[in-house]
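# Survey of secondary and tertiary structure
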Amino acid sequence: MSALPLEAIVVEPSTQATACVIWLHGLGDSGAGFAPVVPALGLKADHGIRFVFPHAPEQAVTINGGYQMRAWYDIKSMDLHDRADMAGVLASEALVAGLIAEQIASGIAANKIVLAGFSQGGVMSLFTGLRYPQALAGIMALSCYLPGGDKLPEGLSAANRNTPILQHHGEQDDVVPLFAATMAKDALLAAGYPLSWKTYAMPHSVLPQQLIEIGGWLTKVLQA
């Protein structure tokens, strides 16, 4: 996997950026997949939130016959305890940490940054956020799971033990089964993380009403 900085679509607010949401896409998608959702979040006009939608590097994905596509890590099997290639997860964690560092260098504090993601991107937002050494504003995990199935990552950061986590999942998701998300939810709650959990009558996707609720949560955790 490339160690070069990630390219990204950046959506700037109409006022000076005082907060940031880094939103990671799913397998085979790109930053362009979610960049159009910003107006659908129902944020106030002067929200001050910069949105960063990075493009994952391209790599061969085993379960898709070795086809090259944008991916945060290889998926070698459908076994939820061995689905994520951990070497790839760790490599992407370093890339995502680089994105956070860029925002901090631009003047936005870590505690004004939300790490968000959908599907594979949600796996990375959870994994990276739970291990990140500075306190973040929030972690958003949409339609995803933990790399360790029912186990939290090793190397959990004390700085993010009290960071709000938003987890959503579709009840008709045939890509990431609901029980995979439930295992993550149960592990997070058992460890005492402040988790907001909700399921929706949808497949592996997002809904307009869900985006409005996400916008409300972002406003709350970023005080935007």
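Reference entry: report on the structure contained in this document. (Residues numbered from 1 in each chain as written. Predicted model: local features only at pLDDT ≥ 70, side-chain atom pairs only at ≥ 80, totals over all residues. Heavy atoms only, no water.)

## Here we look at the overall build of the protein
- A tally of helices and strands in the protein yields four helices and nine strands.
- Going from N to C terminus, the protein has its helices and strands arranged as β-β-β-β-β-α-β-α-β-β-α-β-α.
- By the compact-globule yardstick of 17 Å for 224 residues, the protein fits well, its C-alpha radius of gyration being 16 Å.
- Principal-axis analysis of the C-alpha atoms places the extent of the protein at approximately 45 × 35 × 35 Å.
- About 9,200 Å² of surface is accessible on the protein, with carbon and sulfur atoms providing 55% of the total.
- Here the protein contributes 12 positively and 18 negatively charged side chains, and the mean placements of these two sets differ by 8 Å. (Helix = DSSP H or I, 4+ residues; strand = E, 2+ residues; numbered from the N terminus. Rg over C-alpha atoms; globule rule 2.2 N^0.38 Å. Areas by Shrake-Rupley, 256 points an atom, 1.4 Å probe, with all protein chains shown as cover. Lys, Arg positive; Asp, Glu negative; His and termini not counted. Charge placed at Lys NZ, Arg CZ, Asp CG, Glu CD.)

## Describing the packing of aromatic side chains
- A complete count under the given rule lists four aromatic pairs for this structure.
- Aromatic side chains Phe-34 and Phe-118 sit 5.4 Å apart centroid to centroid with 50° between the ring planes, which places their arrangement in the tilted category. Within this pair, whereas Phe-34 is found in the loop between strand 2 (19-24) and strand 3 (49-54), its partner Phe-118 is found in strand 6 (residues 113-118), the two being separated by 84 residues in sequence. The exposure classification of Phe-34 matches that of Phe-118, with both residues buried.
- Between the aromatic rings of Phe-51 and Phe-53, the centroid separation amounts to 6.1 Å while the plane-to-plane angle is 10°, which identifies the pairing as stacked. Across the pair, exposure class does not vary: Phe-51 and Phe-53 are buried alike.
- Aromatic rings pair up to connect Trp-23, Phe-34, Phe-51, Phe-53 and Phe-118 into one cluster.
- The positively charged end of Lys-185 is found above the aromatic ring belonging to Trp-197, 5.0 Å away from the centroid. (Phe/Tyr/Trp six-rings, centres within 6.5 Å; stacked < 30°, edge-to-face > 60°. Buried < 20%, exposed > 50% of the residue type's maximum accessible area, 1.4 Å probe, protein only. Lys NZ or Arg CZ within 6 Å of the ring centre and 35° of its normal.)

## Here's the deal with helix 1 (residues 86-105)
- Its 20 residues give helix 1 an end-to-end C-alpha distance of 28 Å, which sits within 8% of 28 Å, the value for a rise of 1.5 Å per residue.
- Every buried residue of helix 1 is listed here: Gly-88, Val-89, Ser-92, Glu-93, Leu-95, Val-96, Leu-99, Ile-100 and Gln-103.
- The elements touched by buried residues of helix 1 are strand 2, strand 3, strand 6 and helix 2 (120-131).
- Positive backbone phi, at 110°, marks Gly-107, one or two positions downstream of helix 1. (Expected span 1.5 Å × (residues − 1). Contact = heavy atoms within 4.5 Å.)

## Observations concerning the side chain of His-25
- In this fold, His-25 is placed in the loop between strand 2 and strand 3.
- Among the polar contacts made by the side chain of His-25, one reaches the main-chain amide nitrogen of Ala-56 at a distance of 2.9 Å.
- Residues in contact with His-25, not counting those within four places in the same chain, are Ser-30, Gly-31, Phe-34, Pro-54, His-55, Ala-56, Arg-70, Trp-72, Phe-118, Gln-120 and Gly-121. (Polar contact = N/O pair within 3.5 Å; in protein donor to acceptor, adjacent residues only side chain to side chain.)

In short, geometric facts, not functional conclusions.
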